[in-house]
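Observations on chain architecture
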Amino acid sequence: MIRKIKSLLILSLLIFLLSCSTKSPMGAFRGIDIGLDPRTIGMQIDDGLMQKNLVARISLIEKKYFLDIQVEVLDGRIFLTGKADEPEEKLKLTKMAWETKGVRTALNAIEIRGKNEGFRQKAGDVLLTSQLRAAIIFNKSINSRNYTLETINKKIYIFGIAYSEEERAEVIKEAEEIHNVKEVIPSIYLVDDLSRNKL
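Below you will find a few notes about this structure. (Residues numbered from 1 in each chain as written. Predicted model: local features only at pLDDT ≥ 70, side-chain atom pairs only at ≥ 80, totals over all residues. Heavy atoms only, no water.)

**Considerations on the overall build of the protein**
Of regular secondary structure, the protein possesses 6 helices and 6 strands. Secondary structure of the protein in N-to-C order comes out as α-α-α-β-β-α-β-α-β-β-α-β. Expressed as a percentage of contacts within the protein between residues at least 6 apart in sequence, the contacts between residues at least 24 apart total 68%. In the form shown here, the protein has an accessible surface area of approximately 11,200 Å², with 60% of it arising from carbon and sulfur atoms. (Helix = DSSP H or I, 4+ residues; strand = E, 2+ residues; numbered from the N terminus. Contact = heavy atoms within 4.5 Å. Areas by Shrake-Rupley, 256 points an atom, 1.4 Å probe, with all protein chains shown as cover.)

Listed below in C-alpha coordinates is the structure:
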(Lines give C-alpha, C1' and ligand atoms only; values in the text may rest on other atoms or scores of the structure.)
Protein backbone atom coordinates (compact mmCIF):
# COMPACT_ATOMS: atom_id res chain seq x y z
CA MET A 1 0.00 0.00 0.00
CA ILE A 2 2.81 2.41 0.93
CA ARG A 3 4.61 1.44 -2.27
CA LYS A 4 1.53 2.34 -4.35
CA ILE A 5 1.18 5.71 -2.61
CA LYS A 6 4.88 6.40 -3.15
CA SER A 7 4.57 5.48 -6.85
CA LEU A 8 1.53 7.73 -7.20
CA LEU A 9 3.37 10.65 -5.60
CA ILE A 10 6.39 10.16 -7.84
CA LEU A 11 4.17 9.95 -10.93
CA SER A 12 2.25 13.09 -9.90
CA LEU A 13 5.51 14.97 -9.35
CA LEU A 14 6.85 13.80 -12.71
CA ILE A 15 3.70 14.91 -14.53
CA PHE A 16 3.80 18.27 -12.75
CA LEU A 17 7.45 18.82 -13.71
CA LEU A 18 6.81 17.79 -17.30
CA SER A 19 3.89 20.20 -17.53
CA CYS A 20 6.28 23.05 -16.77
CA SER A 21 8.15 22.36 -20.00
CA THR A 22 6.85 22.99 -23.51
CA LYS A 23 7.20 19.38 -24.59
CA SER A 24 6.80 16.07 -22.83
CA PRO A 25 6.83 12.43 -23.92
CA MET A 26 3.06 12.15 -23.60
CA GLY A 27 2.38 15.32 -25.57
CA ALA A 28 1.66 17.85 -22.83
CA PHE A 29 0.98 21.15 -24.60
CA ARG A 30 2.95 20.09 -27.67
CA GLY A 31 2.26 21.75 -30.97
CA ILE A 32 -0.23 24.45 -29.97
CA ASP A 33 1.34 27.77 -28.99
CA ILE A 34 -0.70 29.11 -26.08
CA GLY A 35 -0.20 32.73 -27.16
CA LEU A 36 -1.58 32.05 -30.65
CA ASP A 37 -4.16 29.46 -29.61
CA PRO A 38 -7.69 30.44 -30.67
CA ARG A 39 -9.18 28.51 -27.73
CA THR A 40 -10.20 30.42 -24.63
CA ILE A 41 -8.00 30.12 -21.54
CA GLY A 42 -10.76 28.03 -19.93
CA MET A 43 -10.77 25.61 -22.89
CA GLN A 44 -6.99 25.33 -22.74
CA ILE A 45 -7.13 24.54 -19.01
CA ASP A 46 -9.91 21.97 -19.50
CA ASP A 47 -7.96 20.28 -22.30
CA GLY A 48 -4.76 20.29 -20.22
CA LEU A 49 -6.53 18.70 -17.26
CA MET A 50 -8.13 16.03 -19.46
CA GLN A 51 -4.75 15.27 -21.02
CA LYS A 52 -2.95 14.98 -17.69
CA ASN A 53 -5.75 12.84 -16.23
CA LEU A 54 -5.53 10.37 -19.12
CA VAL A 55 -1.71 10.34 -19.13
CA ALA A 56 -1.67 9.53 -15.41
CA ARG A 57 -4.20 6.71 -15.78
CA ILE A 58 -2.38 5.24 -18.79
CA SER A 59 0.99 5.41 -17.02
CA LEU A 60 -0.40 3.68 -13.94
CA ILE A 61 -1.54 0.59 -15.85
CA GLU A 62 1.73 0.13 -17.74
CA LYS A 63 4.92 2.21 -17.41
CA LYS A 64 6.02 1.55 -21.00
CA TYR A 65 3.05 3.58 -22.27
CA PHE A 66 4.56 6.74 -20.82
CA LEU A 67 7.04 6.84 -23.72
CA ASP A 68 5.20 4.71 -26.31
CA ILE A 69 1.85 6.55 -26.41
CA GLN A 70 1.29 10.24 -27.14
CA VAL A 71 -1.89 11.99 -26.01
CA GLU A 72 -3.22 15.27 -27.41
CA VAL A 73 -6.44 16.97 -26.34
CA LEU A 74 -8.04 19.77 -28.32
CA ASP A 75 -11.49 21.10 -27.44
CA GLY A 76 -12.42 17.88 -25.67
CA ARG A 77 -11.23 15.73 -28.58
CA ILE A 78 -8.62 13.17 -27.54
CA PHE A 79 -6.08 12.01 -30.10
CA LEU A 80 -3.89 8.97 -29.32
CA THR A 81 -0.78 8.07 -31.34
CA GLY A 82 2.13 5.72 -30.80
CA LYS A 83 2.68 1.98 -30.81
CA ALA A 84 1.26 -0.90 -28.81
CA ASP A 85 2.36 -4.54 -28.77
CA GLU A 86 -1.09 -6.14 -29.06
CA PRO A 87 -4.50 -5.16 -30.52
CA GLU A 88 -6.04 -5.66 -27.07
CA GLU A 89 -3.79 -2.91 -25.68
CA LYS A 90 -5.01 -0.53 -28.39
CA LEU A 91 -8.63 -1.28 -27.45
CA LYS A 92 -7.91 -0.81 -23.74
CA LEU A 93 -6.31 2.61 -24.38
CA THR A 94 -9.24 3.68 -26.55
CA LYS A 95 -11.67 2.67 -23.80
CA MET A 96 -9.66 4.70 -21.26
CA ALA A 97 -9.76 7.74 -23.56
CA TRP A 98 -13.55 7.50 -23.84
CA GLU A 99 -13.85 7.18 -20.05
CA THR A 100 -12.08 10.53 -19.52
CA LYS A 101 -14.42 13.10 -17.99
CA GLY A 102 -15.44 15.75 -20.54
CA VAL A 103 -14.35 13.85 -23.67
CA ARG A 104 -16.25 14.72 -26.87
CA THR A 105 -14.50 12.26 -29.20
CA ALA A 106 -11.53 9.89 -29.01
CA LEU A 107 -9.44 9.27 -32.12
CA ASN A 108 -7.08 6.32 -31.95
CA ALA A 109 -4.12 6.28 -34.35
CA ILE A 110 -2.11 3.76 -32.29
CA GLU A 111 -0.36 1.21 -34.47
CA ILE A 112 0.51 -2.36 -33.57
CA ARG A 113 4.27 -2.75 -33.30
CA GLY A 114 5.81 -4.88 -36.06
CA LYS A 115 8.33 -7.62 -35.42
CA ASN A 116 10.91 -6.25 -37.86
CA GLU A 117 10.86 -2.60 -36.84
CA GLY A 118 14.23 -1.15 -36.11
CA PHE A 119 16.35 1.94 -36.07
CA ARG A 120 16.05 2.42 -39.83
CA GLN A 121 12.23 2.59 -39.71
CA LYS A 122 12.24 4.98 -36.76
CA ALA A 123 14.85 7.23 -38.38
CA GLY A 124 12.80 7.33 -41.59
CA ASP A 125 9.70 8.37 -39.62
CA VAL A 126 11.63 11.13 -37.82
CA LEU A 127 12.93 12.37 -41.18
CA LEU A 128 9.40 12.55 -42.66
CA THR A 129 8.13 14.46 -39.60
CA SER A 130 11.07 16.88 -39.82
CA GLN A 131 10.49 17.48 -43.53
CA LEU A 132 6.83 18.31 -42.95
CA ARG A 133 7.63 20.53 -39.95
CA ALA A 134 10.12 22.49 -42.09
CA ALA A 135 7.66 22.80 -44.99
CA ILE A 136 4.94 24.12 -42.66
CA ILE A 137 7.30 26.61 -41.00
CA PHE A 138 8.39 28.06 -44.35
CA ASN A 139 4.87 28.23 -45.76
CA LYS A 140 3.64 31.76 -44.93
CA SER A 141 -0.04 30.79 -45.27
CA ILE A 142 0.21 28.29 -42.38
CA ASN A 143 0.42 29.12 -38.67
CA SER A 144 2.98 26.37 -37.98
CA ARG A 145 2.71 26.57 -34.18
CA ASN A 146 -0.84 25.23 -34.21
CA TYR A 147 0.06 21.70 -35.35
CA THR A 148 1.38 18.53 -33.79
CA LEU A 149 2.94 16.03 -36.20
CA GLU A 150 3.57 12.33 -35.66
CA THR A 151 4.84 9.79 -38.20
CA ILE A 152 4.41 6.05 -37.66
CA ASN A 153 5.41 3.56 -40.37
CA LYS A 154 5.47 6.31 -43.03
CA LYS A 155 1.95 7.49 -42.12
CA ILE A 156 1.84 11.14 -41.07
CA TYR A 157 -0.71 12.13 -38.43
CA ILE A 158 -1.52 15.84 -38.20
CA PHE A 159 -3.41 17.26 -35.23
CA GLY A 160 -4.23 20.93 -34.75
CA ILE A 161 -6.29 24.04 -35.42
CA ALA A 162 -6.55 25.86 -38.76
CA TYR A 163 -7.80 29.41 -39.05
CA SER A 164 -9.40 28.71 -42.44
CA GLU A 165 -10.30 25.92 -44.85
CA GLU A 166 -7.49 27.16 -47.10
CA GLU A 167 -4.91 26.74 -44.31
CA ARG A 168 -6.16 23.21 -43.59
CA ALA A 169 -5.91 22.30 -47.29
CA GLU A 170 -2.41 23.80 -47.47
CA VAL A 171 -1.16 21.72 -44.51
CA ILE A 172 -2.52 18.50 -46.06
CA LYS A 173 -1.01 19.42 -49.45
CA GLU A 174 2.42 19.98 -47.86
CA ALA A 175 2.24 16.54 -46.21
CA GLU A 176 1.14 14.77 -49.40
CA GLU A 177 4.04 16.28 -51.36
CA ILE A 178 6.69 14.68 -49.14
CA HIS A 179 8.46 11.78 -50.82
CA ASN A 180 7.94 8.29 -49.26
CA VAL A 181 4.77 9.16 -47.31
CA LYS A 182 2.31 6.25 -47.44
CA GLU A 183 -0.69 8.11 -46.04
CA VAL A 184 -1.66 11.45 -44.51
CA ILE A 185 -4.18 11.27 -41.65
CA PRO A 186 -5.31 14.78 -40.70
CA SER A 187 -7.31 15.72 -37.61
CA ILE A 188 -7.36 19.43 -38.27
CA TYR A 189 -10.19 21.45 -36.81
CA LEU A 190 -11.25 24.90 -37.95
CA VAL A 191 -11.48 27.71 -35.40
CA ASP A 192 -15.20 27.91 -36.24
CA ASP A 193 -15.60 24.22 -35.27
CA LEU A 194 -14.46 24.78 -31.67
CA SER A 195 -17.19 24.24 -29.08
CA ARG A 196 -17.08 27.85 -27.82
CA ASN A 197 -18.29 28.93 -31.25
CA LYS A 198 -21.26 26.54 -31.13
CA LEU A 199 -22.94 28.20 -28.13
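After that view, the rundown keeps rolling.
**Brief notes about the nonpolar core**
One recurring pattern in soluble globular proteins: nonpolar side chains tend to sit buried together. Formed by 18 residues in total, the largest nonpolar core has its most connected members in Leu-54, Ile-58, Ile-69, Val-71, Ile-78, Leu-80 and Leu-93. Sorting the residues of this core by element identifies helix 2 (41-61), helix 3 (65-68), strand 1 (69-74), strand 2 (77-84), helix 4 (87-98) and strand 3 (105-112) as the ones contributing at least two each. The dominant element in this core, judged by the number of residues it contributes, is helix 2, at 4 residues. Core analysis: the next-biggest nonpolar cluster, separate from the first, contains 17 residues, Leu-132, Ile-142, Ala-162 and Ala-175 among them. (Core = buried A, V, L, I, M, F, W, Y, C linked by side-chain atoms within 4.5 Å. Buried < 20%, exposed > 50% of the residue type's maximum accessible area, 1.4 Å probe, protein only.)

**Focus on the packing of aromatic side chains**
The geometry of an aromatic ring pair is captured by the separation of the ring centres together with the interplanar angle, meaning the angle of the planes. Considering all chains together, one arrives at 3 aromatic pairs under this definition. An angle of 55 degrees between the planes, with centres 6.4 Å apart, marks the rings of Phe-79 and Tyr-157 as tilted. Of the two residues, Phe-79 sits in strand 2 while Tyr-157 sits in strand 5 (residues 155-162), which places them 78 residues apart along the sequence. A single burial state applies to Phe-79 and to Tyr-157, both of which are buried. Judged by centre distance (6.3 Å) and plane angle (90 degrees), the ring pair of Phe-159 and Tyr-189 falls under edge-to-face. Remark: Tyr-189 occurs in strand 6 (residues 183-190) and Phe-159 occurs in strand 5; sequence separation between them is 30 residues. No difference in accessibility class separates Phe-159 from Tyr-189, as the two residues are buried. Among the aromatic residues, those joined into a cluster by ring pairs are Phe-79, Tyr-157, Phe-159 and Tyr-189. (Phe/Tyr/Trp six-rings, centres within 6.5 Å; stacked < 30°, edge-to-face > 60°.)

**Observations regarding the packing of helix 5 (residues 119-138) against helix 6 (residues 165-176)**
It is the contact of helix 5 with helix 6, at a shortest axis distance of 9 Å, that shows an interaxial angle of 140 degrees. As the angle between them shows, helix 5 and helix 6 are arranged oblique. Viewed along their axes, helix 5 and helix 6 form a crossing whose handedness is right-handed. Contacts between helix 5 and helix 6 involve Leu-132, Ala-135 and Ile-136 from the first element and Val-171, Glu-174 and Ala-175 from the second. Looking at the contact of helix 5 with helix 6 residue by residue, the classes come out as 5 nonpolar, no polar and 1 charged. (Axes fitted to C-alpha atoms, helices over the stretch in contact; angles between N-to-C directions. Parallel < 35°, antiparallel > 145°, perpendicular 65-115°, else oblique. Left-handed = near helix turned anticlockwise from the far one by under 90°. Nonpolar A, V, L, I, M, F, W, Y, C, P; charged D, E, K, R; others polar.)

**Thoughts on the sheet that holds strand 6**
Taken together, the 3 strands give an open sheet; going across it, the order is 4-5-6, and neighbouring strands pair in mixed fashion. In this open sheet, the two edge strands, each paired with only one partner strand, are strand 4 (147-152) and strand 6. The average undirected angle you get between the axes of adjacent strands in this sheet is 10 degrees. Sheet strands in contact with helix 5 are strand 4 and strand 5, and its direction is about 155 degrees off that of strand 4. Relative to the sheet, helix 6 contacts strand 4, strand 5 and strand 6, its axis offset from that of strand 6 by approximately 165 degrees. (Pairing = 2+ DSSP bridges.)

**Some points on the packing of helix 2 against helix 4**
How two helices sit against one another is set out by the angle between their axes and by the gap between those axes. Packing of helix 2 against helix 4 brings their axes to within 10 Å, and their N-to-C directions diverge by 145 degrees. The crossing of helix 2 and helix 4 is right-handed. Of helix 4, the residues touching helix 2 (which contributes Leu-54, Arg-57, Ile-58 and Ile-61) are Lys-92, Leu-93, Met-96 and Ala-97. Residues belonging to the contact of helix 2 with helix 4 are distributed by class as follows: 6 nonpolar, no polar and 2 charged.

**Section: the sheet that holds strand 2**
The 3 strands lie next to each other as 1-2-3, forming an open sheet whose pairing is mixed. Looking at strand neighbours, the two that pair on one side only are strand 1 and strand 3, the edges of this open sheet. Shown here is a sheet whose adjacent strand axes are inclined to one another by a mean of 10 degrees, direction ignored. Pairing between strand 2 and strand 3: 8 bridges, direction parallel. Each residue of the ladder has a partner; that of Leu-80, found in strand 3, is Asn-108. Of the strands in this sheet, strand 1, strand 2 and strand 3 touch helix 4, which is tilted by about 160 degrees from strand 3.

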